[in-house]
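Residue strings, one per chain:
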Amino acid sequence: MRNQGVLHVDTQIVVPFFDVDSMNVVWHGHYVKYLEVARCALLDLIGHNYNDMLESGHAWPIIDLQLRYVRSAVFGQALTVRASLVEWENRLKINYLISDATTGERLTRASSVQVAVDLASREMLLASPRVFVQAVERKLP
């Protein structure tokens, strides 16, 4: 079973026409965009989003991204994208679940891993910046 994470946020997306291919299903690359929307919502919930990361002197590039497609989404379909925070002290790992907003049927599972990079030196950090860890800890139950 997949780790449910310590914090999560659900984001609603309705599949736009420009995201589907000639078979009327979402082109596989667009799922990454849906993950990004949910990831940004999770970072907003934490209170340390990409702007805050940059202001603290850090970039957070994705170093690993995995997706498992179960069923295709189609034009006009309402989706729920859940982003769940799994790791944050040494790296940022988020698990995702994309499901049909009406039926709850699972469509896609994914995970992303990001690491902090010091913008001044361009060196990867072996631990998450304290400011980020503190932001997460403030939101934990």
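See above for the structure.
All of these numbers come straight from a predicted model, not from anything done at the bench.

## Brief notes about the sheet that holds strand β3 (residues 62–69)
Next up, step 1: Pairing in this open sheet of 5 strands is antiparallel, and the strands run β1-β4-β5-β6-β3 from one edge to the other. Every other strand in the sheet has two partners, leaving β1 (7–14) and β3 as the edge strands with one partner each. Ignoring which end each strand starts from, the neighbouring axes of this sheet average 15 degrees apart.
Next up, step 2: Relative to the sheet, helix α1 (residues 30–46) contacts β1, β3, β4 (78–87), β5 (92–100) and β6 (106–114), its axis offset from that of β1 by approximately 135 degrees.

## Concerning the environment of E87
Next up, step 1: Within the fold, E87 resides in strand β4.
Next up, step 2: Sequence spacing of E87 and V113 is 26 residues, and the spatial spacing of their C-alpha atoms is 8.8 Å.
Next up, step 3: Excluding residues that lie within four positions of it along the chain, E87 makes contacts with L92 and K93.

## Points about the nonpolar core
Next up, step 1: Core analysis: the biggest nonpolar cluster contains 32 residues, and Y34, L42, I46, L85, L92 and F132 have the highest contact counts within it.
Next up, step 2: Breaking this core down by element, the ones donating at least two residues are β1, α1, β4, β5, β6 and α3 (130–139).
Next up, step 3: Sequence-distant contacts of L92, that is, excluding residues within four places in its chain, are made with L43, M53, W60, L85, E87, S112, V113, Q114 and F132.

## Things to note about unusual backbone geometry
Next up, step 1: Of note in this structure, N24 is not a glycine but carries a positive phi near 65 degrees.
Next up, step 2: Mapped onto the elements, N24 comes out in the loop between β1 and α1.
Next up, step 3: For R122, which is not glycine, the phi dihedral falls at a positive 65 degrees.

## With respect to α1
Next up, step 1: End to end, α1 covers 25 Å across 17 residues, agreeing with the expected 24 Å (1.5 Å per residue, within 8%).
Next up, step 2: Buried residues of α1: H30, Y31, Y34, L35, A38, R39, L42, L43 and I46, and no others.
Next up, step 3: Following α1 by one or two positions, G47 has its phi on the positive side, about 90 degrees.

## Points about the pattern of salt bridges
Any two side chains of opposite charge can pair, given that their charged atoms come close.
Next up, step 1: Inspection of the entire model under this criterion finds 6 salt bridges.
Next up, step 2: R82 serves as the salt-bridge partner of D10, at 2.6 Å between the closest nitrogen and oxygen. Linking D10 in strand β1 with R82 in strand β4, this pair joins segments that are 72 residues apart in sequence.

## A word on the side chain of H48
Next up, step 1: Of note, H48 is situated in the loop between α1 and α2 (50–55).
Next up, step 2: When near neighbours in sequence (up to four residues on either side) are disregarded, H48 contacts L43, M53, S56, V131, F132 and A135.

## Some points on α3
Next up, step 1: Listing the buried residues of α3 in full gives F132, V133, A135 and V136. Taken around the axis of α3, the buried residues stretch over an arc of 160 degrees, which confines them to a single face.
Next up, step 2: In this structure, the buried residues of α3 make contact with α1, α2, β4 and β5.

What counts and what doesn't
- Residues numbered from 1 in each chain as written.
- Predicted model: local features only at pLDDT ≥ 70, side-chain atom pairs only at ≥ 80, totals over all residues.
- Heavy atoms only, no water.
- Pairing = 2+ DSSP bridges.
- Helix = DSSP H or I, 4+ residues; strand = E, 2+ residues; numbered from the N terminus.
- Axes fitted to C-alpha atoms, helices over the stretch in contact; angles between N-to-C directions.
- Contact = heavy atoms within 4.5 Å.
- Core = buried A, V, L, I, M, F, W, Y, C linked by side-chain atoms within 4.5 Å.
- Buried < 20%, exposed > 50% of the residue type's maximum accessible area, 1.4 Å probe, protein only.
- Expected span 1.5 Å × (residues − 1).
- Salt bridge = Lys/Arg side-chain N within 4 Å of Asp/Glu carboxyl O.
- Arc of directions from axis to C-beta.

Any functional reading would require information beyond the geometric quantities listed.
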